[in-house]
Amino acid sequence: MSTTTMTPLLSVRDLSVEFVSDGRTVQAVRGVDFDIAEGETVGVVGESGSGKSVTMNAVMRLLTGPSARITSGSVVYRGVDLMKLPEREMRTYRGKEIAMIFQDPATSFNPVQTIGWQITEAIRAHDRRISRKKAAERAIELLDLVGVPSPTVRVSQYPHEFSGGMRQRAMIAMALSNEPSLLIADEPTTALDVTVQAQILEMLQELQQKTSVAIVLITHDMGIVAETVDRVMVMYAGKLVEQSAVGPIFAEPLHPYTRGLLESLPRLDERVDDLYSIPGQPSTLDPPPPGCAFAPRCDVARGRARCTEVIPVLSLFEGGRQLEGDRQVACHFAGEVPVSVSAREASDD
């Protein structure tokens with residue numbers, strides 16, 4: 001939860017999501033609170049299964065089917081609670097005000113329609129007053145904006161005729177087609193090689209400078225976070241465990257899980273036999289543990305009853321002192337988390 005006095009673009013409170021299957025109930029997201037400001041870039045990080053994508057899909061109300069349930073929470077976008085809107089009205093926000101770049105564009109595009117047709121339909125879905133000709137011209141402009149070469153030719157090609165990097169650029173073009181104020185990018189560079197990853201991230205930064213769109217970047221890569229975002233939200237077992245401006249979180253991680261993620265970063269300036277990995281396995285959430293979900297893997301908890309019995313609350317305080325800015329941490333003994341050497345060095349780069 002942000003302490004900023006400015007009205008946020010997006011404000012999420014007490015968001016909880018569960019999945020029911022074969023008699024099991026998995027609490028995938030558990031009481032998440034956060035704000036997104038106009039024009040900022042926020043990184044959401046954590047291991048697979050930590051709840052990153054589920055949280056943002058819930059914000060977009062893309063969780064469908066009888067197994068997925070949003071059990072509580074509000075998602076207020078510019079004063080409107082999206083959770084209270086009927087689906088028909090929600091469609092006027094989804095894709096228009098809030099857009100999403102999906103992880104795998106190969107499965108997100110219709111393989112039997114051209115890229116241009118699909119971008120054109122995305123434009124006209126929100127404004128039928130735009131003629132198909134004007135929308136097609138806009139599709140070419142968008143492909144050019146995101147760096148697709150020869151856009152007048154490419155606009156008539158099918159998804160299979162695009163490389164992975166070009167498909168991702170086309171997906172970004174589609175997401176930008178209605179000039180959204182918030183862009184959610186779900187692992188947008190996962191399937192791409194390192195060079196193309198850098199190009200896509202640089203392009204997103206340039207687009208933000210041109211359009212002032214706010215970006216939520218879902219990733220497991222702390223290296224990308226260090227170079228790209230303004231603020232970081234760390235998720236573990238369906239909860240936010242730490243959030244902060246990017247600099248402080250690298251210089252002084254307050255949660256043991258955040259420190260573990262930073263320790264796992266490989267460095268080019270040192271030679272090691274084995275990369276560090278956080279011991280143990282992520283917590284099962286059917287049901288979630290009674291205390292801190294990270295306690296079984298935590299070298300700070302050391303089996304203490306408070307850690308295993310009491311769920312820590314995301315707080316502006318740590319060890320009796322108020323944290324600077326909007327920084328928050330959910331750890332009973334955050335003051336005992338040592339600053340790792342690799343984290344300190346990463347913050348100095």
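Just above sits the structure.
All of the points below concern the structure found in this document. (Residues numbered from 1 in each chain as written. Predicted model: local features only at pLDDT ≥ 70, side-chain atom pairs only at ≥ 80, totals over all residues. Heavy atoms only, no water.)

1. Digging into the layout of surface pockets
Spelled out, the test is: Cavities and pockets are found on a 1 Å grid laid over the protein atoms alone: a cavity is a set of points where a 1.4 Å probe fits but cannot escape, a pocket is an open set with protein on both sides within 12 Å along at least five of seven lines, and a lining residue has an atom within 4 Å of such a point. Grid points are joined across faces, edges and corners, and a volume is the space filled by probe spheres set on the points. Put simply, DSSP marks the helices as runs of H or I at least four residues long and the strands as runs of E at least two long, and each gets a number from the N terminus on. Any residue that is not Ala, Val, Leu, Ile, Met, Phe, Trp, Tyr, Cys, Pro, Asp, Glu, Lys or Arg is counted as polar, Gly included; the first ten are nonpolar and the last four charged.
By volume, the second largest pocket is sized at about 630 Å³. In terms of lining, the second largest pocket is formed by 24 residues, of which the most central are Arg-94, Gly-95, Ala-122, His-126 and Met-174. Among the elements of the structure, strand 6 (98–101), helix 4 (115–124) and helix 7 (164–175) are those that each provide at least two residues to the lining of the second largest pocket. Counting residues per element, the lining of the second largest pocket draws most heavily on helix 4, at four residues. Residues belonging to the lining of the second largest pocket are distributed by class as follows: 13 nonpolar, eight polar and three charged.

2. Details of the pattern of salt bridges
Applicable threshold: Just to be clear on terms, a salt bridge is a Lys or Arg side-chain nitrogen sitting within 4 Å of an Asp or Glu carboxyl oxygen. Exposure categories follow from relative accessible area, calculated using a 1.4 Å probe and restricted to protein chains: below 20% of the type maximum is buried, above 50% is exposed, and the middle band is partly exposed.
Following the criterion strictly, the structure yields 19 salt bridges and no others. The salt bridge involving Arg-61 is made with Glu-87; its shortest N-O contact spans 3.7 Å. In this pair, Arg-61 is assigned in the loop between helix 1 (52–59) and strand 4 (68–77) and Glu-87 in helix 2 (residues 87–90), connecting sequence segments 26 residues apart. Assessed through its relative accessible area of 32%, Glu-87 is described here as partly exposed.

3. Looking at the environment of Leu-9
Mapped onto the elements of the fold, Leu-9 is located in the segment before strand 1 (10–21). Measuring from C-alpha to C-alpha, the distance between Leu-9 and Asp-35 comes to 7.5 Å, with 26 residues separating the pair along the chain.

4. Overview of the packing of helix 7 against helix 8 (residues 194–211)
Let me state the cut-off plainly: For helices, the axis comes from a line fit to the C-alpha atoms of the stretch in contact; other axes are also lines fit to C-alpha atoms, and the angle between any two N-to-C directions lies between 0 and 180 degrees. Every angle not falling under 35 degrees, over 145, or within 65 to 115 is termed oblique; those three ranges are roughly parallel, roughly antiparallel and roughly perpendicular. Here a crossing is called left-handed whenever its near helix is offset anticlockwise from the far helix by less than a right angle, and right-handed whenever the offset is clockwise. Whether two residues are in contact is decided by their heavy atoms: any pair within 4.5 Å suffices.
Between helix 7 and helix 8, the shortest axis-to-axis distance is 10 Å and the interhelical angle comes to 20°. Comparing their axes, helix 8 and helix 7 come out roughly parallel. When you trace helix 7 past helix 8, the crossing you get is right-handed. Listed contacts from helix 8 to Gly-165, Gln-168, Arg-169 and Ile-172 of helix 7 are Val-196, Gln-199, Ile-200, Met-203, Leu-204 and Leu-207. Here the contact of helix 7 with helix 8 is built from residues that sort into six nonpolar, three polar and one charged.

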